[in-house]
Amino acid sequence: MKHIDFCTQAPVAGSYDVVVCGGGPAGFIAAIAASRSGARTALVEQYGFLGGMATAGIVAPLSVFTYNGEKVIGGIPWEFCERLQEMGGGLIEKPLGNVAFEPELYKLCCQRMVLEAGVDLYMHSYLSGCTCSNGRIEAVFIDNKNGTEALEGKVFIDCTGDADLAWMAGVPMQPGEGKPLQPLSTYFVLSGVDTSTPRLQTAMHHNRQGVNCHCEEIRAELLAHQEEWGIPEFGGPWFCTTLQPGVVTVNMTRTAADATDNRDYSRAECELREQVFKMARVLKEHFPEFRNSYVSAVAVQAGIRETRRILGAHTISADEYVNAFKYPDSVSRGAHPIDIHVAHGASQNVTFLRTPAYVPYRALYAPGFGNLLAAGRCISADKTAFASLRVQASCMGTGQAAGVAAALASASGVPVDAVDVPALVARLLELGAVLDSPENVNA
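For clarity, every value in this text was computed on a predicted model and none was experimentally measured. (Residues numbered from 1 in each chain as written. Predicted model: local features only at pLDDT ≥ 70, side-chain atom pairs only at ≥ 80, totals over all residues. Heavy atoms only, no water.)

**Side note on the overall build of the protein**
Tallying secondary structure elements over the protein gives eleven helices and 19 strands in all. Computed over its C-alpha atoms, the radius of gyration of the protein comes to 21 Å, within 12% of the 22 Å expected for a compact globule of 443 residues. By principal-axis analysis of the C-alpha atoms, the protein measures approximately 60 × 60 × 40 Å. Looking at the protein residue by residue over its 443 residues, the buried ones come to 60%. Partitioning the intrachain contacts of the protein with sequence separation of at least 6 by distance along the chain shows that 73% fall at a separation of at least 24. Here the protein has roughly 17000 Å² of accessible surface; of this, 52% comes from carbon and sulfur atoms. Once the 34 positive and 46 negative side-chain charges of the protein are each reduced to a mean point, those two points are 2 Å apart. (Helix = DSSP H or I, 4+ residues; strand = E, 2+ residues; numbered from the N terminus. Rg over C-alpha atoms; globule rule 2.2 N^0.38 Å. Buried < 20%, exposed > 50% of the residue type's maximum accessible area, 1.4 Å probe, protein only. Contact = heavy atoms within 4.5 Å. Areas by Shrake-Rupley, 256 points an atom, 1.4 Å probe, with all protein chains shown as cover. Lys, Arg positive; Asp, Glu negative; His and termini not counted. Charge placed at Lys NZ, Arg CZ, Asp CG, Glu CD.)

Structure (structure tokens):
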């Protein structure tokens, strides 16, 4: 490949205690947690709004916040859910605490909470690189309408979902056991839907523990007529209420792709957009609830289930996760089913947990990188454990832990692997995090 030399000087737009890259569920929670814990904090986001997969991807509902009748993810994430519900933009569905939401009010709620916390926002800014010395990141580079700028920080948190910052810094990633990757899906919104029918009422409310909440009747018909109706590979379908009459989000498109490869990702986006309108037409032509429906929105970007994950100081194993092993440095939880979508075809492997699992602090950092933490989809977990932890409630939980840990590391001037774990746990409990369970036998 031909190369062209390119170099530029980047003005320092700001110097911070904590810089969070990525404003999705993990990132905006991490920024709030860091700022509320006394750190001068910046949040970098590629779009002009926050929420990541929830808002850019319309991935609904947020799941799972409660399990076996007990709260699993608490603190700032749960505060966000309650505030969103108070605004009329969220519906906390019991007993699982899955949260259906209206995407535009979601954007507004997390924006308000971030700004109230005193976080400096750098929206419309794309992370383009970093400068490192002896395993420490000195600054990140962002590109926006001001040109290329630099943000200095004492501690950085990678909440990009794809481990972009960690990868740029040279952090080792999980080995190839992650291939093939779980497929991408583009969510879309249908309006004009008859949401009053019993089967759609059941399907669009995700409130049954131990049940995969796809619409089984519609799925069976789609599979029976897949060739006749010209239906491509699909998942679900899963429908979710947006709290608006006659409106549902739809999750059923899918294609195999690597979202960390620009060309492959571009191809997938085009393919999935075609699928959206094909699937919408199939629903409209063959199912009475959708007779008067139309596509009123398509996700800004395809929903990404799996890409890069760091090789951390500890990798959460399937055995540890399924058996709810409690680590001495547990800082978050997970309760979503182990949910592995196959790269090709319509199948999905789902394993429901007996007891909510734990996430150790050591899964949030990599040895040798003293001022970098990861939260959300890019934490250190094997393919099986990751298939549960990748969902948004769990991402919020690890974001909260990373934000507090970053603030402590910045204030004490120690590497992230030398953070006082009892102090970290104490602060998380003070915020309302749930870090223990009476069912746990490894404590």
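Text resumes after the structure shown.
**Describing the packing of helix α2 (residues 76-86) against helix α3 (residues 103-116)**
Viewed as axis vectors pointing N to C, α2 and α3 meet at an angle of 130°, and their least axial separation amounts to 10 Å. It follows that α2 is oblique to α3 by the angle criterion. Between α2 and α3 lies a crossing of right-handed hand. Each of Ile76, Glu79, Phe80, Arg83 and Leu84 in α2 lies in contact with α3, whose residues at this interface are Leu105, Tyr106, Cys109, Cys110, Arg112, Met113 and Glu116. Classifying every residue of the contact of α2 with α3 by side-chain character gives eight nonpolar, no polar and four charged. (Axes fitted to C-alpha atoms, helices over the stretch in contact; angles between N-to-C directions. Parallel < 35°, antiparallel > 145°, perpendicular 65-115°, else oblique. Left-handed = near helix turned anticlockwise from the far one by under 90°. Nonpolar A, V, L, I, M, F, W, Y, C, P; charged D, E, K, R; others polar.)

**Some points on the pairing of strand β10 (residues 147-158)**
In this structure, strand β1 (residues 12-21) lies alongside β10, joined through eight bridges in parallel fashion. Residue pairing for β10: Val12 is matched across the bridge by Ala150. Both strand β9 (residues 136-144) and β10 contribute to a ladder of six bridges, which runs antiparallel. Bridged to Ile142 within β10 is Glu149. Turn length for the β9-β10 hairpin, with the two strands adjacent in sequence and antiparallel, is two residues. As judged from the three bridges shared by β10 and strand β19 (residues 372-374), these two strands associate in the parallel manner. When the sheet's bridge partners are listed, Ile157 is paired in β19 with Leu373. (Pairing = 2+ DSSP bridges.)

**Some points on the packing of aromatic side chains**
Under the criterion given, the structure shown has eleven aromatic pairs. Plain terms: the ring middles of Trp229 and Phe287 are 6.1 Å apart, the flat faces sit at 90° to each other, and that makes the pair edge-to-face. On the criterion of sequence distance, the pair formed by Trp229 in the loop between α6 (216-224) and β12 (234-241) and Phe287 in the loop between α7 (262-286) and β14 (294-298) is long-range, its members being 58 residues apart. Under the relative-accessibility criterion, Trp229 is labelled buried at 16%. Relative accessible area serves as the criterion here: at 2%, Phe287 is assigned to the buried category. Between Phe325 and Tyr327, the ring centres sit 5.2 Å apart and the planes meet at 80°, which makes this aromatic pair edge-to-face. (Phe/Tyr/Trp six-rings, centres within 6.5 Å; stacked < 30°, edge-to-face > 60°.)

**As for the environment of Arg291**
Along the chain, Arg291 turns up in the loop between α7 and β14. Here Arg291 falls in the exposed class, since its relative accessible area comes to 53%. C-alpha separation for the pair Arg291 and Asp194, spaced 97 residues apart in sequence, amounts to 8.3 Å.

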